[in-house]
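Examination of the molecular architecture
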Amino acid sequence: MNKISSIAAAIIFSISATAQVKAAESEVLSKAGLSLPSVTAPTPKTPGHNQWNTLKKITVNEAQPDMNDTLIGIVRGMDIDKAVKELNDNGFKASALQDNNGGYMVMVDVKGLDAADLAVGLARYYYITEVKVGQKVHNQLFGLNNKSTFAVKMGTIKGGMNHSPVDLKINKLDWTITGGMNLSPVDVKINHDAKTITGGANLSPVDLKFAWSTEEVTVEGGANHSPVKYTVNWKAGLLEGYANNSPVKLEFNMGEGYADQTIVSVKGYANHAPVELTYNKVNGHIGGGMNYSPVDVNLVNCDLYDFLQYFFLFIK
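Now for a quick tour of the structure. Everything numeric in this text was worked out from a predicted model, so none of it was measured.

On to the packing of aromatic side chains, then. Scanning all chains against the criterion turns up 7 aromatic pairs. Aromatic pair tyrosine 126 and tyrosine 127: ring centres 5.2 Å apart, planes at 80 degrees, arrangement edge-to-face. Using a relative accessible area of 1% as the deciding quantity, one classes tyrosine 127 as buried. An aromatic cluster is present here, built from Phe92, Tyr125, Tyr126 and Tyr127 joined pairwise through their rings.

Printed below as a string of structure tokens:
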């Protein structure tokens with residue numbers, strides 16, 4: 001196994017912004033089996049692939065944006081040697097790397113091959129939590145003229161909770177959340193450069209800052225006419241802090257290391273009331289109860305990560 005310096009690993013792991021550049025129409029997604037039955041990329045035999053969960057793993061390798069002949073896959077929840085063997089057995093040209101902090105990744109040689117197609121295939125493996133690609137490859141997948149990928153950047157949360165209808169649109173191109181819930185309009189803007197969330201929701205101004213990493217996100221400021229501060233730690237499966245003049249604590253297990261875990265339980269308390277929810281990874285449904293009200297909402301092209309990160313919206 002090769003070893004790289006912690007500096008190099010940190011560069012590879014750097015968080016990339018979504019590239020919003022103009023690109024030609026691409027057949028990559030259909031060839032990768034996300035819109036057509038046929039699959040050309042090597043793919044794992046795991047149940048219920050979620051299209052958004054797969055695509056959101058693919059980001060630009062900002063340290064080397066011209067590295068279009070190599071994919072970097074971050075590995076979690078799987079022995080690295082077993083992961084490399086499985087990937088090579090399935091047709092990838094994969095090798096392992098370890099950084100000085102004990103993290104693992106795979107490098108996949110795609111020179112002369114359909115890099116975008118293989119990036120989608122690699123992202124489908126449950127133990128691959130992020131796929132870094134060159135800018136050209138990212139443009140093929142997420143260019144603004146690519147109608148098939150434009151659709152997955154438009155998420156919705158619809159149904160009912162807090163004894164009222166929910167109809168939200170999450171635009172991950174313009175980074176806005178609009179619509180209505182809690183019998184009031186929602187109009188929120190996320191600025192990733194300034195790391196702010198501003199606008200209005202729940203008949204209250206929203207003025208929040210956030211700090212984001214692959215491990216956790218912290219949201220702090222004001223919303224719902226009250227101070228807000230909570231941290232969602234994905235690895236620990238914990239959301240904890242305060243909002244709506246009350247403590248918030250939710251425990252969950254995303255089960256990223258288990259291909260057959262499709263149901264996620266979210267339990268705890270918020271807004272002086274118990275929270276008991278179940279999230280279905282396959283169909284995007286959240287059911288259960290919170291705020292002394294039944295919850296019945298469907299998430300499309302977004303997931304529990306979005307629901308928890310923007311949890312201040314869902315407290316009445």
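Further notes follow.
Here we take up helix α4 (residues 80–89). Along α4, the residues that are buried comprise Ile80, Ala83, Val84 and Leu87. Looking straight down α4, one finds its buried side chains confined to an arc of 95 degrees; they lie on one side. Structural note: α4 exposes Asp81, Lys82, Lys85 and Asp89 on the side pointing more than 90 degrees away from its buried face. Contacts made by the buried residues of α4 are with β3 (70–75), β4 (94–98), β5 (104–109) and α5 (115–123). Backbone nitrogen of aspartate 81 and a side-chain oxygen of the N-cap are separated by 3.1 Å at the start of α4; the cap is aspartate 79. Directly after α4, the chain includes glycine 91, whose backbone phi takes a positive value near 110 degrees.

Time to look at the nonpolar core. Counting 51 residues, the largest nonpolar core has Phe307 and Phe311 as the members making the most contacts within it. The element that contributes the greatest number of residues to this core is helix α8 (residues 304–309), accounting for 4 residues. Those residues in contact with phenylalanine 311 that sit more than four places away from it in its chain are Tyr230, Leu239, Val248, Leu250, Ala270 and Met290. One finds Ile58, Ala96, Leu122 and Phe142 within the second-largest nonpolar core, a separate group that totals 29 residues.

What follows deals with unusual backbone geometry. Despite not being glycine, asparagine 162 shows a phi value in the positive range, around 55 degrees. By secondary structure assignment, the location of asparagine 162 is in the loop between β7 (154–161) and β8 (164–171). Note on asparagine 162: relative accessible area 1%, which makes it buried. Residues other than glycine seldom take positive phi values, yet tryptophan 175 does so here, at roughly 55 degrees.

A word on the pairing of β8. Looking at chain direction, β7 and β8 are connected through 8 bridges and run antiparallel. Counted as the bridge partner of threonine 156 is lysine 169 from β8.

Analysis parameters
- Residues numbered from 1 in each chain as written.
- Predicted model: local features only at pLDDT ≥ 70, side-chain atom pairs only at ≥ 80, totals over all residues.
- Heavy atoms only, no water.
- Phe/Tyr/Trp six-rings, centres within 6.5 Å; stacked < 30°, edge-to-face > 60°.
- Buried < 20%, exposed > 50% of the residue type's maximum accessible area, 1.4 Å probe, protein only.
- Helix = DSSP H or I, 4+ residues; strand = E, 2+ residues; numbered from the N terminus.
- Arc of directions from axis to C-beta.
- Contact = heavy atoms within 4.5 Å.
- Polar contact = N/O pair within 3.5 Å; in protein donor to acceptor, adjacent residues only side chain to side chain.
- Core = buried A, V, L, I, M, F, W, Y, C linked by side-chain atoms within 4.5 Å.
- Pairing = 2+ DSSP bridges.

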